[in-house]
Structures are given as structure tokens and as C-alpha cells.
Amino acid sequence: MIHLPEIWAIMLGQLPRGRWIQIKKIYEIVKDYGNLDTEDFEPQSPTSNIPKWKRNTRNVLQYRKGMGQIRWNGNARYLLP
């Protein structure tokens with residue numbers, strides 16, 4: 001299973017700087033560059049079909065936003081300064 005620091009490293013290495021990126025594109029990048037396994041594709045909860053790796057990606061974005069390392073426009077777009 002991919003871990004949060006690995007997701008952050010992918011974001012740092014693959015997201016363009018200074019440009020707003022939709023979360024959908026961030027998901028594509030994490031999926032393309034992450035070494036995702038079967039556990040990553042399991043549902044995030046018994047009542048949700050969203051895969052764990054997407055929840056973990058959102059968790060990284062929320063945490064790094066709080067740390068001031070990434071910005072959010074309030075409408076599913078993020079920016080690495």
C-alpha cells in the first residue's frame with residue numbers, strides 16, 4: 001500500500017509549480033506514478049466505493065494545505081507555490 005510520504009513525493013516531483021491543478025489531474029498523476037497495489041484499490045470504507053489511495057491523496061492535500069506547502073482555491077484545485 002502506498003504511504004502518505006510517497007504520495008507527497010510524487011506530488012512534489014510531478015505537479016507543475018505555480019499553476020492551479022484540478023484534483024482529478026492529481027489523482028491521475030498519483031495513479032500513474034505511484035506503485036499502487038490491490039490494497040490501495042480497496043474501498044476507503046464499507047459504505048464507499050472510493051479507493052483508499054484517493055482518500056490518502058486527499059489526506060496529503062489537506063495536511064500540506066494546513067502546513068502552507070500547497071494552496072487550495074476552495075473549488076477542487078490546488079497549487080504548489
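Since we're looking at a predicted model, the values are computed, not measured.

S.K.: Account for the environment of I23, with residues named and values stated.
M.R.: Turning to its location among the elements, I23 is positioned in helix α2 (residues 23-33). When its relative accessible area of 16% is taken as the criterion, I23 is described as buried. Taking the C-alpha atoms as reference, I23 lies 9.4 Å from L61; in sequence the two are 38 residues apart. The contact partners of I23, leaving out residues within four places of it in the chain, are R58, L61, A76 and Y78.

S.K.: So, the packing of aromatic side chains: which residues are in play, and what are the values?
M.R.: Counted by the stated rule, this structure contains two aromatic pairs. For the ring pair Y27 and W53, a centre distance of 5.8 Å and an interplane angle of 85° mean the geometry is edge-to-face. You can see Y27 sitting in helix α2 and its partner W53 sitting in helix α3 (residues 52-66), a full 26 residues away along the chain. Geometrically, the ring pair formed by F41 and W53 is edge-to-face, given 6.4 Å between the ring centres and 65° between the ring planes. Of this pair, F41 sits in the loop between α2 and β2 (43-45) while W53 sits in helix α3, and the two are 12 residues apart along the sequence. One aromatic cluster in this structure is built from Y27, F41 and W53. When the ring centre of Y27 is taken as reference, the NZ or CZ atom of K54 above it lies at 4.9 Å.

The rules behind these values
Residues numbered from 1 in each chain as written. Predicted model: local features only at pLDDT ≥ 70, side-chain atom pairs only at ≥ 80, totals over all residues. Heavy atoms only, no water. Helix = DSSP H or I, 4+ residues; strand = E, 2+ residues; numbered from the N terminus. Buried < 20%, exposed > 50% of the residue type's maximum accessible area, 1.4 Å probe, protein only. Contact = heavy atoms within 4.5 Å. Phe/Tyr/Trp six-rings, centres within 6.5 Å; stacked < 30°, edge-to-face > 60°. Lys NZ or Arg CZ within 6 Å of the ring centre and 35° of its normal.

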